[in-house]
Every structure is written in structure tokens, then in C-alpha cells.
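Chain by chain, the residues run as shown.
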Amino acid sequence: MREQHFSPPVIVIGAGIVGASTASFLALAGTPVRLLDASTPASGATGAADGAVSVASKRPGPMMTMARAGAALYRELAQEGLFQGLFHRRPTFLVATSDAEAEVLSDHSKALAEVGAPVRWLTRDMVTDRLALLSRKTVAVLEVEDEGHAIGYSIVSRLISAAGLKVERNSPVAALEYDGRSGRVSGVRVGEAVIEASAVVVAAGGGAGKLIGLPDVSRPRRGQQLVTERAPALNAGLPGSLLSCSYLLSKKHQGGQVDARGYGVVIDPLDTGQFLIGSTREEGRTIPENDIEAVAHLAASAGDMVPALGRLRILRCFAGIRTAICDGLPMVGRMPGVDNLFVAAGFEGDGICLGPLTGRIVADLVRGEEPEVDVSPFDPGRFAGRSIAA
């Protein structure tokens, strides 16, 4: 009887939306995979995200191009049934409240048009008709169509279920194991055990840098958000999310100060009849807690944009820690010098929009196929001058 040899599975580290997407697309393509998480699925940044599937909120350049493809994939998977009932299409309205902000918005509209995003400026009559809730301080409004919303943990749950995966919870990976002769990754160490792998995908958010030998390229950023009480009639008067130009500026000028708040106003009408209000971008903050100063500022800013919100109670506040890369772009791709080690991390607040697309791209790379989107701007090899584990 001929002895059978079984190849070890691909190990995906991290069961947030990026890791779950990667593992699911691999499994659906017939590749054996094990999905490990230090805690539980979507327990990190994915579970504390606002759910925006938005091109409008992205920085011009590779992130905006990637987001355009990411939003298109959501629409495709919703139509095919995988994301049916989880992805809700709606526009985003970018709002300027001063001439300086209107100038920023004008430049942003050109960048959006360049990547093919459908945009249009709303006249005063259109604003009065469609966005009567807006403050009279509003100077300009740009509508971006083909946007949407999805709850991160619901997407993760659907993907895991569709692929028939079992998440190995409370399995923190302490280190990667390497074959001394080939230099390839041979497995991962969890506690005292070593799990063999044919390839490894590191999608562990804040823990990714240490595992791949690049601990100094990522940094934590805290984001605080609020949820109001239900107000169905008021909610129905907002046909999409509102994004202040201050949010765009908070992405453009990080500042780098540990105590900087990075306030940017987002008002999101939820299907529950509530409103989600965000957010902060707090450099270097590692504890996912709210504070009264930020909560008060966000509530007041939302009330300035939509005065009627000032009458609503805040029922819940939450915060999450996002992982950002020092140059503002995530790391997506194969690690240089290690042909079976891949990384997908550092999406900061853009993981919900980019997660499924990134998962499909990385799954293609692992399986030796050409990805549908050029991810060379996100190549982790750009940090080759730094220490890389191998």
C-alpha cells in the first residue's frame, strides 16, 4: 500500500475581517487552512469599526484606488448572495462648512473622479430637498454614490460560516518557525506547541510587525465613537452618511503628537434608527477607552453639523485600537526573501472597506495566482532596509 503524504495547511494569523477573508477565500478555493486568533473573531479593530465601505473617505492615491475596487467587491458579493442582507448601499455626502474646506473638497472631488467614483455637487435647492437636516453653516456638499455600510463582525461571521471554518480561539502566535536550510516558514509557535504550515499569512493587526520582524513600522491609533438613541423619523431624513471635511484633514495631517485628537466628524444613520457619530484619530493610544472630553467634542461637532442631533441622548460610547503603518499605507503581499510568508496588516480605519478585497488578493498570492488588483504600493518590501525576520 502506497504511503500518503499530506501537505500542511496554510495558517492565517488573525480572525479580523482581513484574516477571516483570506482564510475563507483560500478554503472556498479548496486550499486547506487553519485560522488562529489570539482572542476571538472580530474582537479587535474589526469589532470596533464604524462599518463604512467608502471611497469618499480615502486619501487620494493607492488607497482610493484600492477602495474603489473594495466597494465594487462588496456590491458583487451582495448580489451573489454571500453578503446579502449585510451590505447596505447608500451615498456619502462630503460637507464643507467654510471656504477653506470647500477648496479642500474641490481637490478631493477631482481625485475621486480620477478613480471613477460617481460624484456630483449638490445645488442649494438639492441640499434643501435631500439634506434638510444640515446646518445652515454648510457651504458646499459633494455626493459620492456607490458607497455603503457593513458591520464588520457580521461580515466575519458570514465568511467563516460560508467557508466552513473553525476559528482556533485564544491561540496567540508567539513566533514564526523557519526551516534553517531553505529559509522558508515551516510553522508557528503557540505556547509550547509548533503547528506546521505550508505557508503563513500574518493578518494580526497590532501584532503583525513583531511577528514579521518589523516592529517599528506600525503604530497604534485609538478611535472613539458614539451611538445615539433611536430616532426613526430623524434617521429617515438622512439618505446617507455625512462626512465633514475635517475628517479628510485629519487623515491628511496626522501631526504625530501622542496627545493629538485628530477629530473628524462622521454621522452615520444606522438601520436601527440610531446614529453613529465619530471619530478621533489618537496617535499612540493603546487603551480602548472613552473619555468625556472626546465624547463631548464629538457630540457637539455632530450637533453643529446636524442641529437636530443635539436633542438626542447618547446611549453608548466605544473605542478601538487601529494599527497604522508609518507611511500611511498598509502592508499587503509576500515578505521579501521568504516565498511562503505573507502579510496583510496596517489598515487603520480602512479595514472594513478593504478587508474582503485584501483577503481575496492574498489568497490568490498564496495560491500562486495573479491578483485582480495591483498591490505593489503596499509591498512590505519597501521596508527592506529595516530588520526582517528570516
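Heads up: these notes are all about the structure in this document. (Residues numbered from 1 in each chain as written. Predicted model: local features only at pLDDT ≥ 70, side-chain atom pairs only at ≥ 80, totals over all residues. Heavy atoms only, no water.)

**Thoughts on the sheet that holds strand β1 (residues 10–13)**
Argument step 1. Taking strand neighbours across the sheet as the criterion, the six strands line up as β7-β2-β1-β11-β19-β18 in an open arrangement whose pairing is mixed. Only two strands of the sheet have a single neighbouring strand rather than two, namely β7 (167–168) and β18 (331–334).
Argument step 2. Sheet topology note: the strand β2 (residues 33–36)/β7 ladder contains two bridges and is parallel. Looking at the pairing, Leu 36 lines up with Glu 168 of β7.
Argument step 3. Strand contacts of helix α1 (residues 17–28): β1, β2, β11 (199–202) and β19 (341–345), with the helix running at about 165° to β2, the strand carrying the most contacts. (Pairing = 2+ DSSP bridges. Helix = DSSP H or I, 4+ residues; strand = E, 2+ residues; numbered from the N terminus. Contact = heavy atoms within 4.5 Å. Axes fitted to C-alpha atoms, helices over the stretch in contact; angles between N-to-C directions.)

**Side note on the sheet that holds strand β10 (residues 193–196)**
Two pairing modes exist for strands in a sheet, parallel and antiparallel, and in both the strands are linked by backbone hydrogen bonds.
Argument step 1. On the basis of which strands lie adjacent, the open sheet formed by three strands has the order β8-β9-β10 and antiparallel pairing. Two strands lie at the open edges of the sheet, namely β8 (175–178) and β10, each paired on one side alone. If you compare each strand with its neighbour and ignore which way they point, the axes differ by 35° on average.
Argument step 2. The pairing of β8 with strand β9 (residues 185–190) spans four bridges and is antiparallel. Bridged to Tyr 178 within β9 is Val 185.

**Structural notes on the packing of α1 against helix α5 (residues 152–163)**
Relative orientation and spacing of two packed helices are given, respectively, by the angle between their axes and the distance between those axes.
Argument step 1. Their axes nearest at 9 Å, the elements α1 and α5 cross at an angle of 20°. Classified by the angle their axes make, α1 and α5 are roughly parallel. Between α1 and α5 lies a crossing of left-handed hand. Where α1 abuts α5, its residues Ile 17, Ala 20, Ser 21, Ser 24, Ala 27 and Leu 28 lie against Ile 155, Val 156, Leu 159, Ile 160, Ala 162 and Ala 163. (Parallel < 35°, antiparallel > 145°, perpendicular 65-115°, else oblique. Left-handed = near helix turned anticlockwise from the far one by under 90°.)

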